[in-house]
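# Coordinate analysis (summary)
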Amino acid sequence: MMVELKLGKLPERVPVKLTISVLPDLNRRLLDYAAAYADAYGQEEPLMDLIPAMLAAFLDGDRAFAKSQGGKGQTGARDARP
């Protein structure tokens, strides 16, 4: 007998490693953002920890993308940590 729990099955949570190359100007801007983050919150975070949260926030804030997805796939940008 299968019990129907209120909590559904948890999604896959194994991180996927991506490797990208960015132009020097974007790298400087990312480093500047990391510095602004440290100033704002009084805590330095490695850029590699900030980038996934930045991408999630970008996707979550893109209304056209959200509309095309029918509201599925919210990434939880505020909680995004590798």
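This text goes with the structure placed above it.
In this report, we go over the structure that sits alongside the text. (Residues numbered from 1 in each chain as written. Predicted model: local features only at pLDDT ≥ 70, side-chain atom pairs only at ≥ 80, totals over all residues. Heavy atoms only, no water.)

Here Leu50 lies in helix H2 (residues 47-61). For the pair Leu50 and Leu30, spaced 20 residues apart in sequence, the C-alpha separation works out to 9.1 Å. Apart from residues no more than four positions distant in its own chain, Leu50 is found in contact with Ala34, Tyr37 and Glu45. (Helix = DSSP H or I, 4+ residues; strand = E, 2+ residues; numbered from the N terminus. Contact = heavy atoms within 4.5 Å.)

Below, the discussion takes up the nonpolar core. Formed by Leu30, Ala34, Leu47, Leu50 and Ile51, the largest nonpolar core amounts to 5 residues. Looking at this core, the elements that each hand over two or more residues are helix H1 (24-41) and H2. Considering each element in turn, this core owes the most residues, 3 residues, to H2. (Core = buried A, V, L, I, M, F, W, Y, C linked by side-chain atoms within 4.5 Å. Buried < 20%, exposed > 50% of the residue type's maximum accessible area, 1.4 Å probe, protein only.)

Another point: the pattern of salt bridges. Applying the stated criterion across every chain yields a total of 1 salt bridge. Arg28 is paired through a salt bridge with Asp25; the nearest N and O atoms lie 3.8 Å apart. You can see Arg28 and its partner Asp25 sitting in helix H1, 3 residues apart, about one turn around the helix. Judged by relative accessible area, which is 47%, Arg28 ranks as partly exposed. (Salt bridge = Lys/Arg side-chain N within 4 Å of Asp/Glu carboxyl O.)

The end-to-end C-alpha distance of H1, which contains 18 residues, comes to 26 Å, matching closely the 26 Å that a straight helix rising 1.5 Å per residue would cover. Of all the residues in H1, the buried ones are Leu30, Ala34 and Ala38. Down the axis of H1, the buried side of the element spans an arc of 85°, and every buried residue falls inside it. For H1, the exposed residues set more than 90 degrees away from the buried face come down to Arg29, Asp32, Asp39 and Ala40. Of the surrounding secondary structure, the elements contacted by the buried residues of H1 are H2. The first or second residue beyond H1 is Gly42, which carries a positive phi of 70°. (Expected span 1.5 Å × (residues − 1). Arc of directions from axis to C-beta.)

Another aspect to go through is H2. Compared with the 21 Å implied by 1.5 Å per residue over 15 residues, the 21 Å span of H2 between its first and last C-alpha is a close match. Of all the residues in H2, the buried ones are Leu47, Leu50, Ile51, Ala53 and Ala56. Against H1 lie the buried residues of H2.

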